[in-house]
Amino acid sequence: MNILLTGINGQVGYYLNKKLSPFYNVFEGTRDSFDLTNIDQMESVIDELSPSLIINPAAYTYVDKAEKEPDLVFKTNVVGTKFLAEKSEKLGIPLIQLSTDYVFDGLKKGAYTEIDKANPQSVYGKSKYDAETAIQESNSKHIILRTSWVYSLRGKNFLTTILDLAKNKESFDIVFDQIGSPTSAIFIANTIVDITKKLEQIEKNNLYGIYHLTCSGVTNWFEFAKTIILYAQEEGISLKSKPENINPIKTADFTTLASRPENSILNNHKLAKTFEIHCPEWQNELKLIMSDKP
Ligand SMILES: NC(=O)c1ccc[n+]([C@@H]2O[C@H](COP(=O)([O-])OP(=O)(O)OC[C@H]3O[C@@H](n4cnc5c(N)ncnc54)[C@H](OP(=O)(O)O)[C@@H]3O)[C@@H](O)[C@H]2O)c1
C-alpha cells in the first residue's frame, strides 16, 4: 500500500515515518518535495504515487508568528489541506488530518468533546478549524485527529525547551493558569499506525469523523515543567534548576502575540472506544519518553 505522508521533519511526521515505513511504501513528504503551498507539485506527486491513504501532519505551526502572516498560514493550512481533501475524495481514499485544541476558545468548564462548538481565538487556530471544515465539506473519507500540547525529544517543543532552560538557568517562570493534556508525538504516531491498520482491514465508513487524540489526565504548564525536571533528575541528567525553583506566573504576566485557550482539555473517550486505543496517563507517557524507551 502506498501512503502519502507530509511533513516528515516535524515531530509527528518524523515518528510516523519511522513507524509506517517498515510496513508500507511511504512517500516521505518534506517542505521541498511536497509543499502544501504548491498545488502543481502536490498534484503531480499524488498522480504519480497513486496513494491508498494520505496522512497530513504538516502545517504552519508557529502560533505567535502566525498572527503576523495570516495569508501564508491560510495558504498552507487551509488551501493546501482543502486540495488534499478534494484529491482524496476524487480518488476515493481516506485522509487523516491532524488538528488542534486551539479550535476551542478554552472557556468551557470540563473537557471538550468532539461535538462542542469550536471558536478559535488565533490565526493558527482559525486556520486549523477552516481546514477541518474544508475536509468535511469535501465529502472525502476523513479522520480528523485533534491533539494538544505535543512534545518529543526532537526539535523545539515544550519538553526540549524546559530541558534547555533547566540545564542553563537556576530558575525561570512558567504559566500555571492554562490547563491541558501533554501528548507525546510517539503516542500520536503509534495511534495513527493502529488506525491505519484498522482502516486497511475493513472498509468501515462508520469510523470516519473527528476524534480527540490526547494522553489522559490533566495538568498545567507549570506542573508539566516541574515534572519534566523531576524526571530528568531521575534519569541522571545534570541540571542547574530544581523543580522547587520554578516560579508559577499568570498568563496575563507573560505576553504572547496569539491568545491561547485557558482550558485545552480534550475528552479522548470516543477515540479510545472506537479504535480500542489505550490513552496513557500523561505522566507515565512522559516518563517513558524521557527514559527513551517508548
Ligand atoms: N505541537 C503541538 O503542540 C500541536 C498541538 C495540537 C495540534 N498540533 C498539530 O499536529 C500536527 C503536527 O504537529 P507537530 O508539532 O508535529 O508540527 P511541527 O513539528 O511544527 O512540524 C510541522 C511540519 O510541517 C512542515 N511544513 C510547514 N509548512 C509546510 C509547507 N508549506 N509544506 C509542507 N510542509 C510544511 C514543517 O516543515 P519544516 O520542517 O521544513 O519546517 C514541519 O516539518 C500539526 O498539524 C499541528 O497543527 C500540534
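Residues numbered from 1 in each chain as written. Predicted model: local features only at pLDDT ≥ 70, side-chain atom pairs only at ≥ 80, totals over all residues.

**Student:** Pulling in residues and values, what's your account of the overall build of the protein chain?
**Tutor:** Broken down by element type, the protein chain carries nine helices and twelve strands. Relative to the compact-globule value of 19 Å for 294 residues, the protein chain shows a C-alpha radius of gyration of 19 Å, a close match. Each principal axis of the C-alpha atoms in the protein chain carries an extent, and together these give about 55 × 35 × 35 Å. Relative to its full complement of 294 residues, the protein chain shows a buried share of 45%. Intrachain contacts of the protein chain at a sequence separation of at least 6 include 79% that bridge at least 24 residues. (Helix = DSSP H or I, 4+ residues; strand = E, 2+ residues; numbered from the N terminus. Rg over C-alpha atoms; globule rule 2.2 N^0.38 Å. Buried ≥ 20, exposed ≤ 12 C-beta atoms within 10 Å, placed from the backbone. Contact = placed C-beta atoms within 7 Å.)

**Student:** Go over the site of the ligand, please, and point to the residues and values.
**Tutor:** Of all residues adjacent to the ligand, which total 27 residues, the nearest are G7, G10, Q11, T100 and V150. Looking at which element gives the most residues to the shell around the ligand, the answer is helix α1 (residues 11–20), with three residues. Here the residues of the shell around the ligand are counted per class, giving ten nonpolar, 13 polar and four charged. (Near = placed C-beta within 6 Å. Nonpolar A, V, L, I, M, F, W, Y, C, P; charged D, E, K, R; others polar.)

**Student:** Residues and numbers for the sheet that holds strand β5 (residues 141–147), please.
**Tutor:** Remark on secondary structure: sheet strands pair via backbone hydrogen bonds, oriented parallel or antiparallel. An order of β2-β1-β3-β4-β5-β10 is seen for the six strands of this open sheet, with the pairing classed as parallel. Two strands close off the open sheet at either side, each with one partner strand: β2 (25–28) and β10 (209–212). Adjacent strand axes in the sheet meet at a mean angle of 20 degrees, parallel and antiparallel pairs treated alike. This element, helix α3 (residues 70–91), spans β3 (53–56), β4 (94–100) and β5 of the sheet and lies at about 155 degrees to β4. (Pairing = 2+ DSSP bridges. Axes fitted to C-alpha atoms, helices over the stretch in contact; angles between N-to-C directions.)

**Student:** Give a description of the pairing of strand β1 (residues 2–5) that names residues and reports values.
**Tutor:** Across four bridges, β1 lies against β2 in parallel orientation. By the bridge assignment for β2, L4 is matched with F27. For the crossover from β1 across α1 to β2, the handedness is right-handed. Sheet analysis places β1 next to β3, joined by three bridges and oriented parallel. Within β3, the position partnered with L5 by the bridge is I55. (Right-handed = clockwise from strand over helix to strand, strands pointing away.)

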